[in-house]
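# Architecture and fold: a report
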Amino acid sequence: MVQLTVDGKQVQAREGAYVLEAVRSLGIELPTLCHNDTLSPDGRCRLCMVEVEERGRKRIVTSCLFPVSEGLQVRTDGERAVRVRQMVLELYLARHPEAPEIRKLAAEQGVTVSRFGEDSDHQRCILCGLCVRTCAEVVGVNALGFAQRGIAKRVGTPFLEASETCIGCGACVFSCPTNIIVMKDEGPVRKIWSKQFEMQTCAACGRYFAPVFQLQWIEKKTGVPYEKLQVCPDCR
Ligand code: SF4
Ligand code: FES
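Residues numbered from 1 in each chain as written. Chains lettered and ligands numbered in written order. Predicted model: local features only at pLDDT ≥ 70, side-chain atom pairs only at ≥ 80, totals over all residues. Heavy atoms only, no water.

### Overview of the site of ligand 1
Operational definition: For each residue, the test is whether any non-hydrogen atom lies within 4 Å of the molecule or strand; if one does, the residue is near. Polar here means any residue outside two lists: the nonpolar Ala, Val, Leu, Ile, Met, Phe, Trp, Tyr, Cys and Pro, and the charged Asp, Glu, Lys and Arg; Gly therefore counts as polar.
The local shell around ligand 1 consists of Cys125, Ile126, Leu127, Cys128, Gly129, Cys131, Val155, Cys176, Pro177, Thr178, Ile180 and Ile181. A breakdown of the residues in the shell around ligand 1 according to their chemical character gives 10 nonpolar, 2 polar and no charged.

Pasting the structure below:
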């Protein structure tokens, strides 16, 4: 364990932990959009910025990627850190002025208008990468990624076309903080990421509950026979 201070309070953290974890262990909330405890940190949203002081040197760092160390001093409430987080939120507000999640986070940090104006392309993907990492790290499929650069940067399947590897599980939908990923279940068909999946009916209750492709993938990975997978979670 290492000892550090956060906003003047002493706290112990396990070696190898990141500052964000130590901050939250004290009940101090920092805004985050790309963090999820079950996924590897990515440092993409730049919202969790704090000021750290080591050997007399102060700097602003990304707390979800900055490791704790003995004697580290962290300030979440210093003027510099607060200003940086507010500026990042202003940039988000300019790019996604209609996203309720962004408006809420911004308001919590005292930001209601953006000095950067409003982007005319009001798309709500904030490029947090949670869907990409969920697909890769939790599902183990790697169907999603980033394409293009700068303002044109997008998240999706390769060439934004129906992906061969996507199993239609919808885990990305549940990970998305802005609810922008569209998944439609229409009876025997699920549509997601430009692909259509045939749905399996539950052997017990008869409702459509999962894509056949997803169940076949689970069968291949786990060795559980397909017949055993044909029962929905409610009927198991
Ligand atoms: S689609 Fe959602 S989860 Fe994926 S990068 Fe965009 S906002 Fe994040
Ligand atoms: S939570 Fe740290 S950069 Fe997104």
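### Considering helix α4 (residues 130-139)
Formally: Using a 1.4 Å probe on the protein chains alone, a residue whose accessible area is under 20% of its type maximum counts as buried, one over 50% counts as exposed, and one in between counts as partly exposed. For the purposes of this entry, the term helix denotes a DSSP run of H or I that reaches at least four residues, the term strand denotes a run of E that reaches at least two, and both are numbered from the N terminus. Here a residue-residue contact requires only that any non-hydrogen atoms of the pair lie within 4.5 Å.
When you tally the buried positions in α4, you get 7 out of 10 residues, the bulk of the element. By the burial criterion, the buried members of α4 are Leu130, Cys131, Val132, Arg133, Thr134, Cys135 and Val139. Elements that come into contact with the buried residues of α4 comprise β6 (145-147), β7 (154-156), α5 (171-175) and α6 (212-222). Positioned one or two residues after α4, glycine 140 has a phi angle of 85°, which is positive.

### Some remarks on the nonpolar core
This is how the line gets drawn: Among buried residues, those of type Ala, Val, Leu, Ile, Met, Phe, Trp, Tyr and Cys that are joined through side-chain atoms within 4.5 Å constitute a nonpolar core.
Within the largest apolar cluster, 21 residues are counted, with the highest numbers of intra-cluster contacts made by Leu4, Val19, Val68 and Val74. Those elements giving two or more residues to this core turn out to be β1 (2-6), β2 (9-13), α1 (19-25) and β3 (49-54). Setting aside its immediate chain neighbours within four residues, valine 68 contacts Val2, Leu4, Ala13, Arg14, Ala17, Tyr18, Val19 and Ala22. Listed in part, the 19 residues of the second largest apolar core include Cys131, Leu144, Cys172 and Cys176.

Interpretation in functional terms is not warranted from these geometric data alone.
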